[in-house]
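Next come the chains, spelled out residue by residue.
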Protein chains: 2
Amino acid sequence: MSNSNITLKIGKTLSIPLNTELTTKFQQISQQLMEIQSLFQAESDEDKISYERAWSIIPDVNDEYIKDIISCAEDIRKNYKAFVTVGIGGSDLCARLFHELINPVYFNSMKDRFGAPEIYFTGDTFDPRGLYGLLYVLKEKEILDKTVFHIVSKSGKTAETFASAVIIRQWLKDNWHEQVITTTAGDPSSVLFQMNQQKPFRKLLVMPKGVGGRFSAFTSVGLLLLAVTAMESETPKIRIQKAIKGLKLAKEIFEKPYYHQDNIPYRLAGWLQLMEYMGKTIIEFYDYADHHFLADWFVQLYDESVQERGQGLTVRPLRGPTSNHSALNGIVNGPKDKVVLFINWKNLWHEIYGETESSIQSYNDIQDKELSELCNLKLSQLQEASYVGTAEDFNDKGIPNATLIVSERSIESVSALMRILMDTTAVKGRLQGLHFDENGSIDLKHELTYLQSGVEGYKQRMRENIRTVRS
Amino acid sequence: MSNSNITLKIGKTLSIPLNTELTTKFQQISQQLMEIQSLFQAESDEDKISYERAWSIIPDVNDEYIKDIISCAEDIRKNYKAFVTVGIGGSDLCARLFHELINPVYFNSMKDRFGAPEIYFTGDTFDPRGLYGLLYVLKEKEILDKTVFHIVSKSGKTAETFASAVIIRQWLKDNWHEQVITTTAGDPSSVLFQMNQQKPFRKLLVMPKGVGGRFSAFTSVGLLLLAVTAMESETPKIRIQKAIKGLKLAKEIFEKPYYHQDNIPYRLAGWLQLMEYMGKTIIEFYDYADHHFLADWFVQLYDESVQERGQGLTVRPLRGPTSNHSALNGIVNGPKDKVVLFINWKNLWHEIYGETESSIQSYNDIQDKELSELCNLKLSQLQEASYVGTAEDFNDKGIPNATLIVSERSIESVSALMRILMDTTAVKGRLQGLHFDENGSIDLKHELTYLQSGVEGYKQRMRENIRTVRS
């Protein structure tokens, strides 16, 4: 398989001669990357589970686990008119991302969805508006009893998700267990697992051991949504095959020598590390397309994984060219504390429309030099010109930038891209020394990149405040 | 009118004793705020127009301009089944915000919208997916000829918006002018104004002189959407009256002495200035509710207005408690370069549901101490406990934070809040000296807070790249 689907281009800033200090730092980072690659290679599959790196095991479409997801998706398509993902953070952002990037917009309004149910999301807040609004609408449409809820929580205790699940239960009454599918831990550490033992849900899908929430996109957390929404000439199985194909591509990239031109995770993590050393503090994640959730997913992945021990760039989500009319002025003229990571998509026309994209016609009402330049081009050509213009302008003005060029908005490419960003995060964590213990010894079992910590303070205080409300 | 609707609470960090250096800085900022307030007071209404501050003139519901918006909204409600806002940045974010915060979720799926059409947005990207998806769906629903498009662009030349408008025209054919309402400049500097002269649109609404795009929420840019979507027991006029009421509340707040406890814009801008002096570089705009667009709107307002001349904090959009599961770890454990601005909403239940919010029932399947604490409470009570817990945790961990407490999610409160944020931005611009010329003289006519600059580079390069594509 070639590496033609995704390439990394680093902007002009780094091609200027480095001074001695930066050259030394660059060499030091290269040395670290070499050692990190040796570490990753030395970890066996068994170790991956105990080191919380099981997300990097590529499944096969014939694995029992994947077969279960496919048959669950087929069951949903056959028996339900709506499918609701109930989760927060790592438990819903990947499903939202798949739905937004892969499926047609205005999905629920389409006359023919080729067997897919309507798609909704909830469980990511205590703000009552979204959940009650959803239940009202499903009831008004008379499909509430034809709706299946996919409740995602490894511990089964995530407060926002669990509270939503209990309210859904109040509305569904006796039929709740039948209309619930859950992805959760496969042992009694999960409350949802315990509930399932007392009275089985329609389906329990096990969160694989050694997979942290934010690295769980390619388990049933994300794959079930992807499979359920199979479109024309697809099946759930075909969709999952495509995702696995993308993961394999990313794995090949990750296994090339760390210094190889095509090894994006090592090159990108190294570049970010150097930028941080040069005093940059913000990554502008500039997804040059009409998406929200790829950036939101990356914020979650990166902030939670590497902003520990006082290090790590802060990720801000942006969209091109939309954000050119909001954040761009600040990037160009504001403090020089930002680096830009563009995602540049090469084929933005969506196959569901079935035809070729039309060009913008000329208009004769007015003569305007600037506007006449838009004529006879397609929107997607303007999109490319806008990206190239913005990147060139950043180069010209000394804003460090790198671009991940993605060949198309397909399941393969999106899966490969996500996996590359996960691998980049894993490498960046180790560049920040998150695999060392306090004495400087290598301590992979407690590698902070994959562990969640630091959130307990607000959770504990929230509980205290609940007790205050109640009393 | 009281100031009970919106209050500002500054977290514990600033109540610790300031050292001598900070005390001196604080006094210096206070002195500046006093001078800034004198300047604002000295500007007459006439000056407001020439200084691009006409957004701060409060309209009356009987002004011809407002009457025009109301009658246009009534025309749309009577004659159309769908209303599409076509704009980008300052020309669409306020309308998106009003729709998201004020109207029920799943608006287009409601059986009874009390006379309001379906609501859509486009024109904020060259990515072809959203626009073509929308046109396909409107055609499939057989309401494309019953759809009215509100094209918003002061110059009429905004490339993303204009390109979308021309494609919409291709689909509507001869009926285009009839199905277009435009908000644009009232003179031939606007291409849309020129087009309207040759063949009139259904309606041309004039963008008032002296109102920059990002300060235009309370012109037809935002108010038309608000009026069109009037719900049960409301009319377009009532909705606009409510917005004006909110603006008046904000004006009263702004005119109190700068040091007054209730004068949020001066206190908040001063606090942000001090935080910047202390080395903070990021504002986490933590809207503690299930919204996206209030934060997106503020990013646009603040980044474009004050991130000039190398100063100004960078705004990152966050949501509570959703972002507690993504960005919070980084705020608590990452670099100490962040300040948090919470928006805390006191009444999150939406009146459209007509009933009282129910409490979460107890569940007997499992015994879990943590989860049992959630029982018998409403989601909105949990939301409040979650906000308080998060703010307390930040206080405890030394993360500087301030909170804007908003009494309810109503038109009055949302309008007052937006206007307070606009005023805060205006004060912050002057704190950064954006009203001085290069020689240090006061230069209100070229005040950078209200001017757009710095974006021409990418636009010029985009045009060059268009010529490359074409050749």
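On a predicted model such as this, the values are computed, not experimentally measured, just so you know.

## Remarks on the overall build of chain A
Of the regular secondary structure elements, chain A holds 16 helices and ten strands. Its C-alpha radius of gyration of 23 Å places chain A within 12% of the 23 Å reference for a compact globule of 471 residues. Dimensions along the principal axes, computed over C-alpha positions, put chain A at roughly 75 × 70 × 50 Å. Once local pairs closer than 6 in sequence are excluded, the contacts in chain A between residues at least 24 apart make up 77%.

## Here's the deal with the interface of chain B and chain A
With 131 residues of chain B at the contact, the number on the chain A side is 131 residues. When chain B packs against chain A, the two sides together hide about 11700 Å² of surface, and 57% of this comes from carbon and sulfur. Arg 409 of chain B is the partner of Asp 127 of chain A in a salt bridge, and the nearest nitrogen-oxygen pair spans 2.7 Å. Taken together, chain B and chain A are joined by 50 residue pairs in polar contact (both at pLDDT 80 or more). Residues that form the side of chain B that touches chain A fall into these classes: 51 nonpolar, 45 polar and 35 charged.

## A word on the pairing of strand β4 (residues 147-152) of chain A
All names here are of chain A. Within β4, six of the six residues are buried, which leaves it mostly tucked inside the rest of the structure. Both faces of β4 are covered, namely the face carrying Thr 147, Phe 149 and Ile 151 and the face carrying Val 148, His 150 and Val 152. Where strand β2 (residues 82-86) meets β4, five bridges bridge the pair, whose relative direction is parallel. Bridge assignment links Phe 83 to a residue of β4, and that residue is Val 148. Here β4 runs beside strand β5 (residues 180-185); their pairing, made up of four bridges, is parallel. Directly across from Val 152, in β5, lies its bridge partner Thr 183.

## Some thoughts on the packing of helix α4 (residues 93-102) of chain B against helix α8 (residues 220-228) of chain B
For any two helices packed against each other, one specifies the inter-axial angle together with the distance between the axes. Residues and elements named next belong to chain B. Their axes nearest at 8 Å, the elements α4 and α8 cross at an angle of 30°. Accordingly, the angle class assigned to the pair α4 and α8 is roughly parallel. When you trace α4 past α8, the crossing you get is right-handed. Contacts between α4 and α8 involve Cys 94, Ala 95, Phe 98, His 99 and Ile 102 on the former and, on the latter, Val 221, Gly 222, Leu 223, Leu 225 and Leu 226. The class makeup of the residues in the contact of α4 with α8 is eight nonpolar, two polar and no charged.

## Examining the environment of Gly 312 of chain A
Here Gly 312 of chain A lies in the loop between α11 (293-306) and β8 (314-319). When its relative accessible area of 4% is taken as the criterion, Gly 312 of chain A is described as buried. With 235 residues separating them in the primary sequence, Gly 312 of chain A and Arg 77 of chain A have C-alpha atoms 43 Å apart. Setting aside anything within four residues of it in sequence, one finds Gly 312 of chain A in contact with Glu 276, Val 306, Gln 307 and Gln 432 of chain A together with Pro 335 of chain B.

## Here's the deal with the packing of α4 of chain B against helix α11 (residues 293-306) of chain B
Residue and element names in this part refer to chain B. It is at 8 Å that the axes of α4 and α11 come closest, and there the two elements cross at 160°. Here α11 runs roughly antiparallel to α4, going by the angle between their axes. α11 is crossed by α4, and the crossing has left-handed handedness. Residues Leu 93, Cys 94, Arg 96, Leu 97 and Glu 100 of α4 touch α11, and the partners they reach there are Phe 293, Leu 294, Asp 296, Trp 297 and Gln 300. Classifying every residue of the contact of α4 with α11 by side-chain character gives six nonpolar, one polar and three charged.

## As for the pairing of strand β8 (residues 314-319) of chain B
Residues and elements named next belong to chain B. Burial analysis of β8 places six of its six residues in the buried class, which makes it a mostly covered element. Burial of the side chains of β8 extends over both faces: Thr 314, Arg 316 and Leu 318 are buried on one face and Val 315, Pro 317 and Arg 319 on the other. Taken together, the six bridges between strand β7 (residues 282-288) and β8 define a ladder with parallel strand orientation. Counterpart to Glu 284 in the pairing with β8 is Arg 316.

## Topic: the relation of the copies chain B and chain A
For the pair chain B and chain A, the superposition axis carries a translation of 0.0 Å, the fit reaches an RMSD of 0.0 Å, and the rotation angle comes to 180°. The superposition operator between the copies reduces to a two-fold rotation axis. Considering only C-alpha atoms, the part of chain B nearest the rotation axis is Arg 316 of chain B, at 3.0 Å. A high fraction, 100%, of the interface residues of chain B reappear at the interface in chain A, so the copies pair face to face through one surface.

## Some thoughts on helix α9 (residues 236-255) of chain A
All names here are of chain A. If you check α9, its first and last C-alpha atoms are 29 Å apart, about what 20 residues at 1.5 Å a residue would give, namely 28 Å. Along α9, the residues classified as buried are Pro 236, Arg 239, Ile 240, Ala 243, Ile 244, Gly 246, Leu 247, Leu 249, Ala 250, Ile 253 and Phe 254. On its buried face, α9 sits against α1 (20-42), α3 (64-79), α4 (93-102), α8 (220-228), α10 (264-277) and α15 (411-431).

## Things to note about the side chain of Gln 432 of chain B
Topologically, Gln 432 of chain B is positioned in the loop between α15 (411-431) and α16 (456-470). One polar contact links Gln 432 of chain B to Lys 428 of chain B, side chain to side chain, over a distance of 2.6 Å.

## Quick word on the sheet that holds β8 of chain B
Residues and elements named next belong to chain B. As summarised here, the arrangement of the five strands in space is β1-β10-β9-β7-β8, forming an open sheet in which the pairing is mixed. Each end of this open sheet is capped by a strand with a single partner; those strands are β1 (6-10) and β8. Strand-to-strand twist across the sheet, computed as the mean angle between neighbouring axes with direction ignored, equals 20°. Across six bridges, strand β9 (residues 338-345) lies against strand β10 (residues 401-406) in parallel orientation. By the bridge assignment for β10, Trp 345 is matched with Val 406. The strands touched by helix α14 (residues 379-396) are β7, β9 and β10; relative to β9, the strand with the most contacts, the crossing angle is about 160°.

## Here's the deal with the side chain of Gln 273 of chain B
All names here are of chain B. Tracing the backbone through its elements, the reader meets Gln 273 in helix α10 (residues 264-277). Here the side chain of Gln 273 touches Lys 428 through a polar contact of 3.0 Å, side chain to side chain. A distance of 3.3 Å separates the side chain of Gln 273 from the backbone oxygen of Leu 431, its partner in a polar contact. Setting aside chain neighbours within four positions, we find Gln 273 in contact with Ile 29, Lys 428, Leu 431 and Gln 432.

## A look at the packing of aromatic side chains
Working definition: an aromatic ring pair is given by the centre-to-centre distance plus the angle between the planes. Residues and elements named next belong to chain B. Considering all chains together, one arrives at 42 aromatic pairs over all chains under this definition. Ring geometry for Trp 55 and Phe 215: centres 4.6 Å apart, planes at 25°, overall stacked. Placement of Trp 55 in the loop between α2 (45-50) and α3 (64-79) and of Phe 215 in the loop between β6 (203-206) and α8 is noted, with a sequence separation of 160 residues between them. A centroid spacing of 5.5 Å and a plane angle of 40° characterise the contact between Phe 298 and Tyr 302, whose relative ring orientation is tilted. Of this pair, Phe 298 and Tyr 302 both sit in helix α11, four residues apart, which is roughly one turn of that helix. For Tyr 302, a relative accessible area of 0% corresponds to the buried category.

## A short note on the domain arrangement of chain A
Residues and elements named next belong to chain A. For chain A, the domain assignment lists domain 1 (6-42 + 256-448) and domain 2 (56-241). Here the C-alpha centre of domain 2 lies 30 Å away from the C-alpha centre of domain 1. Each side of the interface is counted separately: domain 1 has 25 residues, and domain 2 has 25 residues. The interface formed by domain 1 and domain 2 holds one salt bridge in total. Connecting domain 1 to domain 2 are five residue pairs in polar contact (both at pLDDT 80 or more). With eight residues, the top contributor of residues to the side of domain 1 that touches domain 2 is α11. Among the residues making up the side of domain 1 that touches domain 2, the classes are represented as twelve nonpolar, eight polar and five charged.

## Description of the sheet that holds strand β1 (residues 6-10) of chain A
Residues and elements named next belong to chain A. Pairing is mixed across the open sheet formed by five strands, whose spatial order is β1-β10-β9-β7-β8. Looking along the sheet, the strands with just one partner apiece sit at the ends: β1 and β8. Across the sheet, the mean angle from the axis of one strand to that of its neighbour is 20°, orientation sign disregarded.

Procedures and definitions
- Residues numbered from 1 in each chain as written.
- Chains lettered and ligands numbered in written order.
- Predicted model: local features only at pLDDT ≥ 70, side-chain atom pairs only at ≥ 80, totals over all residues.
- Heavy atoms only, no water.
- Helix = DSSP H or I, 4+ residues; strand = E, 2+ residues; numbered from the N terminus.
- Rg over C-alpha atoms; globule rule 2.2 N^0.38 Å.
- Contact = heavy atoms within 4.5 Å.
- Buried area = accessible area lost by both parts, 1.4 Å probe.
- Salt bridge = Lys/Arg side-chain N within 4 Å of Asp/Glu carboxyl O.
- Polar contact = N/O pair within 3.5 Å; in protein donor to acceptor, adjacent residues only side chain to side chain.
- Nonpolar A, V, L, I, M, F, W, Y, C, P; charged D, E, K, R; others polar.
- Buried < 20%, exposed > 50% of the residue type's maximum accessible area, 1.4 Å probe, protein only.
- Pairing = 2+ DSSP bridges.
- Axes fitted to C-alpha atoms, helices over the stretch in contact; angles between N-to-C directions.
- Parallel < 35°, antiparallel > 145°, perpendicular 65-115°, else oblique.
- Left-handed = near helix turned anticlockwise from the far one by under 90°.
- Least-squares fit on C-alpha atoms with pLDDT ≥ 70 in both.
- Expected span 1.5 Å × (residues − 1).
- Phe/Tyr/Trp six-rings, centres within 6.5 Å; stacked < 30°, edge-to-face > 60°.
- Domains from an automatic or database assignment.

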